[in-house]
Amino acid sequence: MLDIKIIKAPSAGTMAIVRQRSGARWSEDFKPAALGLIQGKLIEMIVASDIAEKTAGVVVTDIRGSCPQNMVLLAIAGNTAEVMACLTSIKNGGDGTHDCG
């Protein structure tokens, strides 16, 4: 089960935390209108990343835990409508191309 949250207009401090925990993959001048956060099993988060990037023009990065190899969550950044569309698509399982059943 995935935990999914959205932050509309993330603060500078929140973006600093995301940059620090993601290995500074986003520059300081990257200021997205919304930030979607997803936490779950590693397999679910990789599929969620694929769904997000196929749904809209967003930027996805992993947020690491206490060890560099420990992915805690994904951050999906972009305009609010695109991030919300991605989160909805992830909740619905994407377009059906991500299931072995």
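Residues numbered from 1 in each chain as written. Predicted model: local features only at pLDDT ≥ 70, side-chain atom pairs only at ≥ 80, totals over all residues. Heavy atoms only, no water.

Visitor: Give me the lowdown on the overall build of the protein chain, citing residues and values where you can.
Guide: Secondary structure summary: the protein chain contains 3 helices and 4 strands in total. The N-to-C order of helical and strand elements in the protein chain reads β-α-β-α-β-β-α. For 101 residues, the compact-globule estimate of 2.2 N^0.38 gives 13 Å, and the protein chain sits close to it at 13 Å. Once the C-alpha set of the protein chain is aligned to its principal axes, its extents read approximately 40 × 30 × 20 Å. Counting only residues that meet the buried cut, the protein chain has 34% of its 101 residues in that class. Expressed as a percentage of contacts within the protein chain between residues at least 6 apart in sequence, the contacts between residues at least 24 apart total 69%. For the protein chain, the exposed surface amounts to about 5900 Å²; the carbon and sulfur share of it is 55%. Looking at the protein chain, you have 10 positive and 10 negative side-chain charges, and the mean spots of the two groups are 7 Å apart. (Helix = DSSP H or I, 4+ residues; strand = E, 2+ residues; numbered from the N terminus. Rg over C-alpha atoms; globule rule 2.2 N^0.38 Å. Buried < 20%, exposed > 50% of the residue type's maximum accessible area, 1.4 Å probe, protein only. Contact = heavy atoms within 4.5 Å. Areas by Shrake-Rupley, 256 points an atom, 1.4 Å probe, with all protein chains shown as cover. Lys, Arg positive; Asp, Glu negative; His and termini not counted. Charge placed at Lys NZ, Arg CZ, Asp CG, Glu CD.)

Visitor: Any chance you could break down the packing of helix α2 (residues 42-55) against helix α3 (residues 80-91) for me, citing the residues and the numbers?
Guide: At a minimum axis distance of 9 Å, the contact between α2 and α3 shows a crossing angle of 135°. By the angle between their directions, the pair α2 and α3 is classed as oblique. Relative to α3, the crossing made by α2 is right-handed. Of the residues in α3, those touching α2 at Ala48, Ile51, Ala52 and Thr55 are Ala85, Cys86, Ser89 and Ile90. Each residue belonging to the contact of α2 with α3 can be placed in one class, and the counts come to 6 nonpolar, 2 polar and no charged. (Axes fitted to C-alpha atoms, helices over the stretch in contact; angles between N-to-C directions. Parallel < 35°, antiparallel > 145°, perpendicular 65-115°, else oblique. Left-handed = near helix turned anticlockwise from the far one by under 90°. Nonpolar A, V, L, I, M, F, W, Y, C, P; charged D, E, K, R; others polar.)

Visitor: Report on α2, specifying residues and quantitative values.
Guide: Its 14 residues give α2 an end-to-end C-alpha distance of 20 Å, which sits within 8% of 20 Å, the value for a rise of 1.5 Å per residue. The complete set of buried residues in α2 reads Met45, Ala48, Ser49, Ile51 and Ala52. (Expected span 1.5 Å × (residues − 1).)

Visitor: Explain the environment of alanine 12 to me, using residue names and the numbers behind them.
Guide: Secondary-structure assignment places alanine 12 in helix α1 (residues 12-21). With relative accessibility at 61%, the residue alanine 12 sits in the exposed group. Placed 18 residues apart in sequence, alanine 12 and phenylalanine 30 show a C-alpha to C-alpha distance of 10.0 Å.

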